[in-house]
Amino acid sequence: MAEAADSLPPAEVLLSKRVQELVINQEEPPHLYICRKSGEATDEEQEENVSSDPLTQIPVIDLSILSASSSPSSEHDGELQKLRLALSSWGCFLATGHGIPSSFLDEIVRVSREFFEQPMEEKRKLEKGVEEFEGYGGDPVPAKGQPLDWSDRLFLDVYPEDRRKLKFWPENPPSFRDVLQEYTVKMRLMTEAISKAMAKSLDLQEDCFLIQFGEKAPLQARFNYYSKCPRPDLVLGLKPHADGSGYTIILQDVEGLQVLKGDKWFTVPTISGALLVLMADQMEIMTNGVFKSPVHRVLSSSERDRISLAVFYTPEPNKEIGPEEALITEKSAKAYKTVKDYADVHWDYYQQGLRAIHVAKV
Ligand SMILES: O=C(O)CCC(=O)C(=O)O
Ligand SMILES: [Fe+2]
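Residues numbered from 1 in each chain as written. Chains lettered and ligands numbered in written order. Predicted model: local features only at pLDDT ≥ 70, side-chain atom pairs only at ≥ 80, totals over all residues. Heavy atoms only, no water.

Caption draft 1: Expanded view of the coordination of the iron ion (ligand 2). The protein atoms that coordinate the iron ion (ligand 2) are His241 (NE2), Asp243 (OD) and His296 (NE2), at distances of 2.1 to 2.2 Å. Within one chain, the residues donating to the iron ion (ligand 2) are spaced in sequence as H-x1-D-x52-H. Accessibility classification places His241 together with Asp243 in one group, the buried group. (Donors = N, O, S within 2.8 Å, 3.2 Å for Na, K, Ca; no water. Buried < 20%, exposed > 50% of the residue type's maximum accessible area, 1.4 Å probe, protein only.)

Right under this line is the structure:
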């Protein structure tokens, strides 16, 4: 105990300075942020793990084809098949045709940027406690030996409305709250369409995932700001992890996010108007492992800063979820148990730099 206390400053000290402040003060990344060996990044690039071959690109799915009853059935079935393949091999896809105008996506990036560009005193008004999730700051301090992420965050519960803590909702820029409210409504519609399309792609009852998630399945919005970093070779914006939600919808302004497939990292491209839909552990459980929850990470960059908004869609608290019965067959035995509040268990492992999915395996 004494040893841990000696080697790691208390959480209050660790989290007292935001990454943005380190950058403004032109400080080198303190050792607690360092998680890569010098040369590792260059080695990966030399191995061409970051592929630019068009055949190895993250699939793009047009959701409008899946939701329109007027699409010719061959086109509709083809897109469903593409969706199933995308989620069983990559665990993610870039969604177009989701009905959210690009101009609105640009608007939410703009207000997010304006929020993070405010002076530190303004943001500190929304500061979270060191062991809390909601509000402005960094994640609660990870387990000893785990690196800190080169990013600052604003984390907000956005749905259902009775979970909102408005004291953490920015009043500046003045349109922030309205824009977030509108985005939440759009995310609700999008999760409904995606959950139905995923069920159809597996020949399941259209509503089966929506029923597992529950009517009041929470949506949480995490605004991430990745400051420019003087040592991108040593420091990651966000360490490798898989999400503990059901699935996550990500908006980014510039590249930086990478998804692991096999043993290679693939950069998620920025396609105007597209949103990344990323499976998380609870969809892997509900599909009995047919859909994969991919490990992903964010690189830091010395050239530019980056904004992303991740919306986590998670089954209702206290609700049991498990593999869809129809996916348990003679050929594919039940591989996952029924779980409840999985995101909490996931968090304990995440803090130690570990995956949690094994706890749900049969
Ligand atoms: O910044 C990103 O693109 C990804 C963020 C992410 O993976 C997360 O917040 O869990
Ligand atoms: Fe993530």
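Caption draft 2: Main features of the confidence of the model for the protein. The predicted model of the protein averages 90 in pLDDT, with 91% of residues at 70 or higher. Here the predicted complex carries an ipTM of 0.99, next to a pTM of 0.94. (pLDDT = per-residue confidence, 0-100.)

Caption draft 3: Looking closely at the packing of aromatic side chains. What the rule picks out here adds up to 15 aromatic pairs. With centroids separated by 4.1 Å and ring planes inclined at 10 degrees, the aromatic side chains of Phe213 and Tyr313 adopt a geometry described as stacked. One end of the pair, Phe213, is in helix H10 (residues 208-213); the other, Tyr313, is in strand E12 (residues 306-313), with 100 residues separating them in the sequence. With relative accessibility at 0%, the residue Phe213 sits in the buried group. Feature note: the residues Phe115, Phe116, Tyr136, Phe176, Phe223 and Tyr225 constitute an aromatic cluster, connected by ring pairs. The cationic tip of Lys261 hangs over the ring face of Trp90; the distance from NZ or CZ to the ring centre is 4.5 Å. Here Arg297 stacks its cationic end above the ring of Trp265, 4.0 Å away from the centre of that ring. (Phe/Tyr/Trp six-rings, centres within 6.5 Å; stacked < 30°, edge-to-face > 60°. Helix = DSSP H or I, 4+ residues; strand = E, 2+ residues; numbered from the N terminus. Lys NZ or Arg CZ within 6 Å of the ring centre and 35° of its normal.)

Caption draft 4: Geometry of the pattern of salt bridges. Under the counting rule described, the total for this entry stands at 19 salt bridges. Between Asp253 and Arg113 there is a salt bridge, with the nearest N and O atoms lying 2.9 Å from each other. With Asp253 in the loop between strand E7 (247-252) and strand E8 (257-261) and Arg113 in helix H7 (residues 102-117), this residue pair connects regions lying 140 residues apart in the sequence. Relative accessible area serves as the criterion here: at 23%, Asp253 is assigned to the partly exposed category. The salt bridge involving Lys239 is made with Asp149; its shortest N-O contact spans 3.3 Å. Residue Lys239 is located in strand E6 (residues 236-241), and its partner Asp149 is located in the loop between strand E3 (135-137) and strand E4 (152-159); the two are separated by 90 residues in the primary sequence. Its relative accessible area of 8% is what places Asp149 among the buried residues. One network of salt bridges, in which partners are shared, links Arg113, Glu117, Asp253 and Asp305. (Salt bridge = Lys/Arg side-chain N within 4 Å of Asp/Glu carboxyl O.)

Caption draft 5: Quick look at the UniProt feature "domain: Fe2OG dioxygenase" (unreviewed entry) in the protein. Here, the residues flagged by UniProt with the feature "domain: Fe2OG dioxygenase" (unreviewed entry) are residues 217-315. The span residues 217-315 shows a helical share of 6% and a strand share of 46%, and its end C-alpha atoms are spaced 5 Å apart. (UniProt positions renumbered as here; feature names shortened; annotations may be inferred.)

Caption draft 6: A look at the packing of helix H6 (residues 73-89) against helix H9 (residues 176-201). Their axes nearest at 9 Å, the elements H6 and H9 cross at an angle of 90 degrees. Here H6 lies roughly perpendicular to H9, going by the angle between them. When H6 is examined against H9, the residues His76, Leu80, Leu83, Arg84 and Leu87 are found in contact with a partner set consisting of Ala197, Met198, Lys200 and Ser201. Residues belonging to the contact of H6 with H9 are distributed by class as follows: five nonpolar, two polar and two charged. (Axes fitted to C-alpha atoms, helices over the stretch in contact; angles between N-to-C directions. Parallel < 35°, antiparallel > 145°, perpendicular 65-115°, else oblique. Contact = heavy atoms within 4.5 Å. Nonpolar A, V, L, I, M, F, W, Y, C, P; charged D, E, K, R; others polar.)

Caption draft 7: Structural context of the site of ligand 1. Contacts to ligand 1 come from 14 residues, most closely from Tyr226, His241, His296, Arg306 and Ser308. In the model, an oxygen atom of ligand 1 is placed 2.9 Å from a nitrogen or oxygen of the Arg306 side chain. Take Ser308: an N or O atom from its side chain is 2.6 Å from an oxygen atom of ligand 1. Here ligand 1 has 300 Å² of accessible area as a free molecule, and 98% of this is covered by the chains. Those elements that place two or more of their residues in the shell around ligand 1 are strand E5 (219-226), E6, strand E11 (296-299) and E12. The element contributing the most residues to the shell around ligand 1 is E12, with four residues. Among the residues making up the shell around ligand 1, the classes are represented as seven nonpolar, four polar and three charged. (Near = heavy atom within 4 Å. Polar contact = N/O pair within 3.5 Å; in protein donor to acceptor, adjacent residues only side chain to side chain. Areas by Shrake-Rupley, 256 points an atom, 1.4 Å probe, with all protein chains shown as cover.)

Caption draft 8: Seen up close, the sheet that holds E6. One open sheet accounts for four strands, arranged E6-E11-E8-E9; its pairing is antiparallel. The open sheet has two free edges, formed respectively by E6 and strand E9 (264-267), since each of these has just one partner strand. Each neighbouring strand pair of the sheet contributes to a mean axis angle of 30 degrees, computed without reference to strand direction. (Pairing = 2+ DSSP bridges.)

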